[in-house]
Amino acid sequence: MTHAVPGRPRLGAIARKIGGHLVRGLAMIWVVATISFVIIREIPGNPVLGQYESLIQKGMSPEQAERATAVLYGFLPTGNLWQQYVGYMGSLLHLDLGRSLSTPGVEVTTLIGHAARWTVLPVLAGTLLSFLLGVTMGVYAAIKRSGKLGDALALSGSLLHGVPVYVIGLLLTAIFATLWPIMPSGGPVDVEFVPGFNAGYIGSLVHHAVLPVVTYTLASYGGWILAMKSNVVAVLGDDFILAAELRGLRRGFVFRYLARNAILPLFTILALSIGMLFGGSIFIEEIFNYPGLGLLLVNSISSRDYALMGGTFLVITVGIVVANIAADLLYTAIDPRVRSGGAA
Amino acid sequence: MTADTTAHDIEAPGVRIRDLTVVYKTPAGELPAVRGVDLALAPGTITGVVGESGSGKSTLALSLLNAVQPPGRIAAGSVEIDGLGDVLTLRGEDLRRARGRQVGYVFQAAQNSLNPLKTIGKQLLDLGRSHDVEDLRGLVRDAKDLLARMGMDGARVLDSYQHELSGGMRQRVGIMLALVLNAKVVVLDEPTTALDMITQATILRIIREVHEERALTTLVITHDVGAVAEVADSLAVMYGGRVVEHGPVTEVLGDARHPYTQGLIRAIPRLSGDLSLARALPGRPPTLGTLPTQGCVFRERCERRMDVCETDEPMSVNRDGRTVACHAADRHLTLVKRKELV
């Protein structure tokens, strides 16, 4: 493996890599969109045709009914599958996901956009908090693994990792909203505040977000601390850490060598869980009555709102695909072994 | 082989290991991996330490930096280095500063002794900052000189990550990092293990040359008697945590007195001639758990064992510049036929 300049890939190579990722990502999104199109078409009872027929029964002319249904689902209910597919893909290109059934007439994109506001920030905060906390504690748990502190930390990780998220959520609600009511029990914000950039509204937002964020943090903290602990223990056994100590490197440097090597594999998982956040957290949003994407998905399923379902799935897919690409590019940026495309 | 070291003798520090005992905590209690080792490294010389796996040679090497890793523990003894004092009493920052600055260490499997995420140059700067080197440019220049000295393109190597270098190159980088702060005592733990023959020869030549150029006191740990014969001035043979024989390398190899040393030499296959001439030493080297607690540690595999070997541990006896710890060698030294030894 030879390079003109070692470790410094040329700009062209980077552009090619990003381009390749984008093409693959778009292909994946296309595949998922196609599958969700077919599934919605093939669901027993055919909701699209059902809608079309029920509109005719209500007295609409077939042409009117066809147009109305097309507006709802983003594609024509009649005609051959191919024409419908082309129509569906065409509207997708314009980011048109059709209209919701359960909230009549409202565009799916609008609904998703509203819900995303309630999901992205809390889940992002929870993910990052649990990551930071878990990683820091994981390092301590590894370094102090033969002491009481290390045992306690590892135990906390195993316990929290084993407890289902809804148990944590219900427990927190029971304690902080019922037994000792210092926190609101649900909803995203108190209604008495005028939405906008004012202290009362923002304070209420934060107040309502505390329990969901804490629940999310505790639920994923266990995984991070356990993963980080085992990574640190593995790297501690690597020769280069002892070698750094034998060369008399300052503790700070040795610690950085250790931490950076141990945290590397976790970045992939972090990027992927950030991608997953567009799926929201169904349990947490349900428990805290938080109108996020998870709740939207649940509601769309229970009300058989197929356009909304398809749109939500698509958004989740796009989130994961983008996160995958980001994880890959991130790894390229932080791991020189991946950067030069060779084995270590 | 006989280096003209007289010019450097004033500069090079001596190292005296006295009565060193290192124990490892095991389920069966604390067992000695190194026991009662006395070994002096004469200033400006290369001392080779040979022995089988588990003979305690790497533990001995780590002791020179007071770096025995848990569950190991230095139980007794001292390691005096001129200008530094007893390394085993150093703690915390004093110990850290001594490592790298005064005692350079080339790691066993130095091929993995580098941080895979940083370029060699950045790791060099970390090293310099750790030891309060003010002239970092000078440090980089010295590093490049050393690398060039070892036949490498310094600028290119410093700009590389470890995975972009071959095994032999990484080993040379390890040697550079051990020397760049001007350490006068250098410990090389298995410096040529896992390298091909050609690279081995190159590394050994480099060790010899740099050693002479810089007036170092060098300790080379290896299981390869051939490698040691090529570079060392004096040779210590370890078995079961003891130094069983120590003396000038030509004398120890040419006229081994300890039955273990004799067995080791017989076991070396020759490049030319009949391969069956090489005879493996019968039996297995002892492990921490199987080490006899009394008597001679080698007696199980020894063809000259006597009754006294079962009960008394042989003392190291110094005779005309050579030490041997063996009852048989002691008693029958004059009776041993010379042809048996060659």
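Residues numbered from 1 in each chain as written. Chains lettered and ligands numbered in written order. Predicted model: local features only at pLDDT ≥ 70, side-chain atom pairs only at ≥ 80, totals over all residues. Heavy atoms only, no water.

As a reminder, the rule being used: UniProt positions are given in the numbering used here, feature names are shortened, and annotations may be inferred rather than shown by experiment.
As annotated in an unreviewed UniProt entry, chain B is Peptide/nickel transport system ATP-binding protein from Microbispora rosea. Recorded in UniProt under Subcellular location (unreviewed entry), the annotation for chain B is "Cell membrane".

The name an unreviewed UniProt entry assigns to chain A is Peptide/nickel transport system permease protein, from the organism Microbispora rosea.

### A few points about the interface of chain A and chain B
For the record, the criterion: In what follows, a contact means two residues having at least one pair of non-hydrogen atoms within 4.5 Å. Take the accessible area each of two parts loses on contact, using a 1.4 Å probe, and add the two losses: that sum is the buried area. When a carboxyl oxygen of Asp or Glu lies within 4 Å of a side-chain nitrogen of Lys or Arg, that pair is called a salt bridge. Helix and strand assignments come from DSSP, with helices taken as H or I runs of at least 4 residues and strands as E runs of at least 2, each series counted from the N terminus. Residues are sorted three ways: Asp, Glu, Lys and Arg are charged, Ala, Val, Leu, Ile, Met, Phe, Trp, Tyr, Cys and Pro are nonpolar, and all the rest, Gly among them, are polar.
Each partner contributes residues to the interface: chain A has 29 residues there, and chain B has 36 residues. In this assembly, chain A packs against chain B so that about 2,900 Å² is buried in total across both faces, 57% of it on carbon and sulfur atoms. Counting across the chain A and chain B interface gives 1 salt bridge. Between Arg250 of chain A and Asp132 of chain B there is a salt bridge; the shortest N-O distance is 2.6 Å. Among the elements of the structure, helix H9 (239-246), helix H10 (251-276) and helix H14 (336-339) of chain A are those that each provide at least two residues to the side of chain A that touches chain B. With 6 residues, H9 of chain A is the single largest residue contributor to the side of chain A that touches chain B. For the side of chain A that touches chain B, the class distribution of residues is 15 nonpolar, 5 polar and 9 charged.

### Some words on a negative patch on the surface
Residues and elements named next belong to chain B. So the rule is basically this: Within the patch definition used here, like charges are joined within 9 Å and nonpolar side chains (Val, Leu, Ile, Met, Phe, Trp, Tyr) within 5 Å, considering only residues with over 30% relative accessible area and no salt bridge. Surface accessibility follows the Shrake-Rupley procedure with a 1.4 Å probe radius. Residue values consider only the protein chains on display as shielding. Neither His nor the chain ends contribute to the count of charged residues, in which Lys and Arg are positive and Asp and Glu negative. Where a charge lies is defined by one atom per residue type: Lys uses NZ, Arg uses CZ, Asp uses CG and Glu uses CD. Buried residues are those whose accessible area, probed at 1.4 Å on protein chains only, stays under 20% of the maximum for their type, while exposed residues exceed 50% and partly exposed ones sit between those limits.
A surface patch of like charges, here negative, comprises Glu134, Asp135, Asp142 and Asp145. Here Glu134 lies in the loop between helix H3 (120-130) and helix H4 (136-149). Here Glu134 falls in the exposed class, since its relative accessible area comes to 80%.

### Observations concerning the sheet that holds strand S9 (residues 234-239) of chain B
All names here are of chain B. The following threshold applies: In this scheme, strands are said to pair when DSSP sees at least two bridges between them. For helices, the axis comes from a line fit to the C-alpha atoms of the stretch in contact; other axes are also lines fit to C-alpha atoms, and the angle between any two N-to-C directions lies between 0 and 180 degrees.
Overall, mixed pairing links the 8 strands, which are arranged S6-S7-S8-S3-S9-S10-S12-S11 in an open sheet. Sheet topology places strand S6 (103-106) and strand S11 (317-319) at the edges, where each strand pairs with a single neighbour. The mean angle between the axes of side-by-side strands here comes to 20°, regardless of whether they run parallel or antiparallel. In terms of strand pairing, strand S7 (residues 185-189) meets strand S8 (residues 217-222) through 5 bridges, oriented parallel. Note on S8: the bridge partner recorded for Asp189 is Ile221. The strands touched by helix H10 (residues 259-266) within the sheet are strand S3 (46-50), S9 and strand S10 (242-248), with S9 carrying the most contacts at an inclination of about 105°.

### A closer look at the packing of helix H7 (residues 165-179) of chain A against helix H8 (residues 199-236) of chain A
Residue and element names in this part refer to chain A. Here is the rule: Note on angle classes: values under 35 degrees are labelled roughly parallel, values over 145 roughly antiparallel, values of 65 to 115 roughly perpendicular, and the remainder oblique. Handedness of a crossing is defined here by the sense of rotation of the near helix relative to the far one, left-handed for an anticlockwise turn of less than a right angle and right-handed for a clockwise turn.
Contact pair H7 / H8: the axes reach a minimum separation of 9 Å and the direction vectors enclose 140°. Taken together, the axes of H7 and H8 lie oblique to each other. The handedness of the crossing between H7 and H8 comes out as right-handed. Facing Val165, Ile168, Gly169, Leu172, Thr173 and Phe176 of H7, the residues of H8 in contact are Leu211, Val214, Thr215, Leu218 and Ala219. Classifying every residue of the contact of H7 with H8 gives 8 nonpolar, 3 polar and no charged.

### Focus on the UniProt feature "transmembrane region" (unreviewed entry) in chain A
All names here are of chain A. UniProt records the feature "transmembrane region" (unreviewed entry) at residues 21-40, 120-143, 163-183, 263-284 and 306-331, using the numbering of this structure. The span residues 21-40 is 100% helix and 0% strand, and its two end C-alpha atoms sit 28 Å from each other. The straight-line gap between the two end C-alpha atoms of residues 120-143 is 34 Å; of that span, 100% is helix and 0% is strand.

### Brief notes about the sheet that holds strand S5 (residues 85-86) of chain B
The pairing of strands in a sheet happens through backbone hydrogen bonds and is either parallel or antiparallel. All names here are of chain B. Pairing is antiparallel across the open sheet formed by 4 strands, whose spatial order is S2-S1-S4-S5. Either end of the sheet is taken by a strand with one partner, and the two such strands are strand S2 (29-41) and S5. Inspection of the sheet shows strand S1 (residues 15-26) paired to S2 by 9 bridges, in the antiparallel sense. Considered in S2, the bridge of Lys25 is made with Glu30.

### Let's talk about the domain arrangement of chain B
All names here are of chain B. Using the following cut-off: Residue ranges for the domains trace back to a domain assignment, done automatically or taken from a database. Throughout this description, a polar contact denotes any pair of N or O atoms lying within 3.5 Å of each other; where both atoms belong to protein, one of them has to be capable of donating a hydrogen while the other can accept it, and for residues adjacent in sequence the pair is counted only when both atoms sit in side chains.
When cut into domains, chain B gives domain 1 (12-102 + 184-195 + 214-340) and domain 2 (109-182). In this assembly, 16 residues from domain 1 lie in contact with 15 residues from domain 2. With both sides pooled, the region where domain 1 packs onto domain 2 buries about 1,200 Å², and carbon together with sulfur makes up 43% of that total. A per-residue breakdown of the area domain 1 buries against domain 2 is headed by Arg101, Leu195 and Arg214, which together make up 44% of the total. Here domain 1 and domain 2 share 1 salt bridge between them. Among the salt bridges present, the one from Asp132 reaches Arg97, with a minimum N-O distance of 2.8 Å. Run the count over domain 1 and domain 2 and you get 7 residue pairs in polar contact (both at pLDDT 80 or more). Counting only elements with at least two residues in the side of domain 1 that touches domain 2, the list comes to helix H2 (92-101) and S7.

### Digging into the packing of helix H5 (residues 108-143) of chain A against H10 of chain A
Residue and element names in this part refer to chain A. Remark: H5 packs on H10, axes separated minimally by 11 Å, with the N-to-C direction vectors making an angle of 150°. Classified by the angle their axes make, H5 and H10 are roughly antiparallel. In this structure, H5 meets H10 at a crossing whose hand is right-handed. Residue-level contacts link Leu124, Thr127, Leu128, Phe131, Val135, Val139 and Ile143 of H5 to Phe255, Leu258, Ile263, Leu266, Phe267, Leu270, Ser273 and Ile274 of H10.

### Concerning the packing of aromatic side chains
Our working rule: Paired rings are identified among Phe, Tyr and Trp, the last through its six-membered ring, by centres lying within 6.5 Å, and are further divided according to the angle between planes into stacked (under 30 degrees), edge-to-face (over 60) and tilted (the rest).
Per the stated rule, a full pass over the model turns up 12 aromatic pairs over all chains. Taken together, a centroid distance of 4.5 Å and an interplanar angle of 55° make the contact between Tyr239 of chain B and Tyr260 of chain B tilted. Of this pair, Tyr239 of chain B sits in strand S9 while Tyr260 of chain B sits in helix H10; the two residues are 21 residues apart in sequence, bridging distant segments of the chain. Residue classification places Tyr239 of chain B among the buried residues on the basis of a relative accessible area of 2%. Owing to a relative accessible area of 0%, Tyr260 of chain B belongs among the buried residues under this scheme. Consider the rings of Tyr239 of chain B and Phe298 of chain B, whose centres lie 4.9 Å apart with planes at 85°: the pair is edge-to-face. Highlighted residues: Tyr239 of chain B in strand S9 and Phe298 of chain B in the loop between H10 and helix H11 (307-311), separated in sequence by 59 residues. Each member of the pair, Tyr239 of chain B as well as Phe298 of chain B, is classed as buried. Three or more aromatic residues link up through ring pairs in this structure, and these residues are Phe37, Trp82, Tyr85 and Tyr88 of chain A.

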